[in-house]
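Listed here are the chains, written in short residue letters.
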Amino acid sequence: MRSNPVTETSSWILEVTDLKKSYPSPEAGLQPVLDVRRFEMQGGGQVALRGVSGSGKTTFLHCISGILKPDSGSVRVAGSAIFDLSESERDRLRAGSLGYIFQTFNLLQGHTALENVLLGMAFGAGERKEHAVELLRRVGLGDRMQHLPRQLSTGQQQRVAVARALAGKPKLVLADEPTGNLDADRAAEAMDLIRAICEEQGASLLLVSHDPQMLSRFATVIDFSEINLAASAH
């Protein structure tokens, strides 16, 4: 049974098969959160998953990135089966193939904007700094590189998070409600920027959101309950 209408081609950047995850329930026992039989994304594609809070969207992204280990199933990113790798190998895969834009940004408060972008980049020292500076200029922070997160507005912090996620020239960018802390105008501007830079760098983009305004910017929008049987069962 085919459950993912993204594309009919075989050039997958992301392949998820029989992915399951449950959490302990307050009423005892386990509460299924993820039950994804099959989900695929083509290289260079941009896909949005629509779902309400608590439907398992963030858990899905955490499993794709290897931050969270599922109960069963497989995730392949750029041909590599994430959970067949050692922890150090997963770290290298994330550094080279995955970018993650968190809703809460997760910036290191004791480091400047430039340092936050530089951390985790796998290039040589000179190339790393040149690319980080270029990205911060691209997101409109050329004059804020030495500022700490607390010295930046919420919108500027979000732009640092975008630059950091794209700094390693990833093949796949995961975005978890990345504009949820911004007002409508800045959210729209930030989403357009994320999509444009991903397209420029040839990175695939997988966004999860419940915001109709953000979802409307994507040609391919999939209801999360269509691929997650655990969500559709609620």
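In every chain, residue numbers begin from 1 and rise along the written sequence. Reporting of local features is limited, given that this is a predicted model, to residues whose pLDDT is at least 70; pairs of side-chain atoms are given and counted only at 80 or more, and all residues count toward the totals for whole chains, interfaces and linings. The side-chain quantities take in all heavy atoms of the structure and omit both hydrogens and water.

(A) Local environment of the overall build of the protein. Put simply, DSSP H or I for four residues or longer makes a helix, DSSP E for two residues or longer makes a strand, and each gets a number counted from the N terminus. Counting secondary structure elements, the protein contains nine helices and nine strands. For 234 residues, the compact-globule formula gives about 17 Å, and the C-alpha radius of gyration of the protein, at 18 Å, lands near that figure. Counting only C-alpha atoms and orienting by the principal axes, one finds that the protein spans roughly 50 × 40 × 40 Å. For every residue, the accessible area obtained with a 1.4 Å probe (protein chains only) is divided by the maximum for its type, and the residue is called buried under 20%, exposed over 50%, and partly exposed between those limits. Taken across its 234 residues, the protein has 49% of its residues classed as buried. The contact criterion used is simple: two residues touch if any of their non-hydrogen atoms lie within 4.5 Å. Within the protein, counting contacts between residues at least 6 apart in sequence, those at least 24 apart form 72% of the total. Working definition of accessibility: Shrake-Rupley area with a 1.4 Å probe, residue cover restricted to the visible protein chains. A total accessible area of about 10,900 Å² is found for the protein, and carbon and sulfur atoms account for 48% of it. Note that the radius of gyration is over C-alpha atoms, with the globule rule given as 2.2 Å times the number of residues to the power 0.38.

(B) Here's a closer look at the packing of aromatic side chains. Any Phe, Tyr or Trp ring, taking Trp's six-membered ring, that has another such ring centre within 6.5 Å forms a pair; planes under 30 degrees apart are called stacked, those over 60 apart edge-to-face, and the others tilted. In the structure shown here, the tally under the stated rule is three aromatic pairs. With 5.5 Å between their ring centres and 45 degrees between their planes, Phe-60 and Phe-224 make a pair best called tilted. Taken together, the residues Phe-60 in helix H1 (residues 57-65) and Phe-224 in helix H8 (residues 224-227) connect sequence positions 164 residues apart. Side by side, Phe-60 and Phe-224 carry an identical accessibility label, which is buried. Centre to centre, the rings of Tyr-100 and Phe-102 are 4.1 Å apart; their planes meet at 5 degrees, and the pair counts as stacked. Each member of the pair, Tyr-100 together with Phe-102, is buried. Three or more aromatic residues joined by ring pairs make a cluster, and in this case those are Phe-39, Phe-60 and Phe-224.

(C) A look at the pattern of salt bridges. Just to be clear on terms, a salt bridge is a Lys or Arg side-chain nitrogen sitting within 4 Å of an Asp or Glu carboxyl oxygen. Within the structure shown, the criterion is met by 12 salt bridges. Asp-192 is the salt-bridge partner of Arg-217, the closest N and O atoms lying 2.7 Å from each other. Of the two residues, Arg-217 sits in the loop between helix H7 (212-215) and strand S9 (220-223) while Asp-192 sits in helix H6 (residues 184-201), which places them 25 residues apart along the sequence. Take Arg-217: its relative accessible area is 25%, and that puts it in the partly exposed class. On the accessibility criterion, Asp-192 (34% relative accessible area) is partly exposed.

(D) Main features of the sheet that holds strand S5 (residues 80-81). What makes two strands pair is DSSP finding at least two bridges between them. Reading across the sheet, the four strands line up as S2-S1-S4-S5 and stay open at both edges, with antiparallel pairing between neighbours. Lying at the two open borders of the sheet, with one neighbouring strand each, are strand S2 (30-42) and S5. Where strand S1 (residues 12-24) meets S2, 11 bridges bridge the pair, whose relative direction is antiparallel. Note on S2: the bridge partner recorded for Tyr-23 is Gln-31.

(E) The arrangement of the packing of helix H5 (residues 154-166) against H6 in detail. At a closest axis distance of 11 Å, the pairing of H5 and H6 adopts a crossing angle of 15 degrees. Classified by the interaxial angle, the pair formed by H5 and H6 is roughly parallel. Considering only the axes of H5 and H6, their crossing is right-handed. In contact with Gln-158, Arg-159, Val-162 and Leu-166 of H5, H6 contributes Glu-189, Ala-190, Leu-193, Ile-194, Ile-197, Cys-198 and Gln-201. Amino acids are sorted into nonpolar (Ala, Val, Leu, Ile, Met, Phe, Trp, Tyr, Cys and Pro), charged (Asp, Glu, Lys and Arg) and polar (every other residue, Gly among them). Here the contact of H5 with H6 is built from residues that sort into seven nonpolar, two polar and two charged. Helix axes are fitted only over the stretch in contact, all axes being lines through C-alpha atoms; the angle between N-to-C directions runs from 0 to 180 degrees. Any angle that falls under 35 degrees is termed roughly parallel, while one over 145 is termed roughly antiparallel, one within 65 to 115 roughly perpendicular, and all others oblique. Crossing handedness follows the turn of the near helix against the far one: under a right angle anticlockwise gives a left-handed crossing, and clockwise gives a right-handed one.

Geometric values such as these leave the question of function open.
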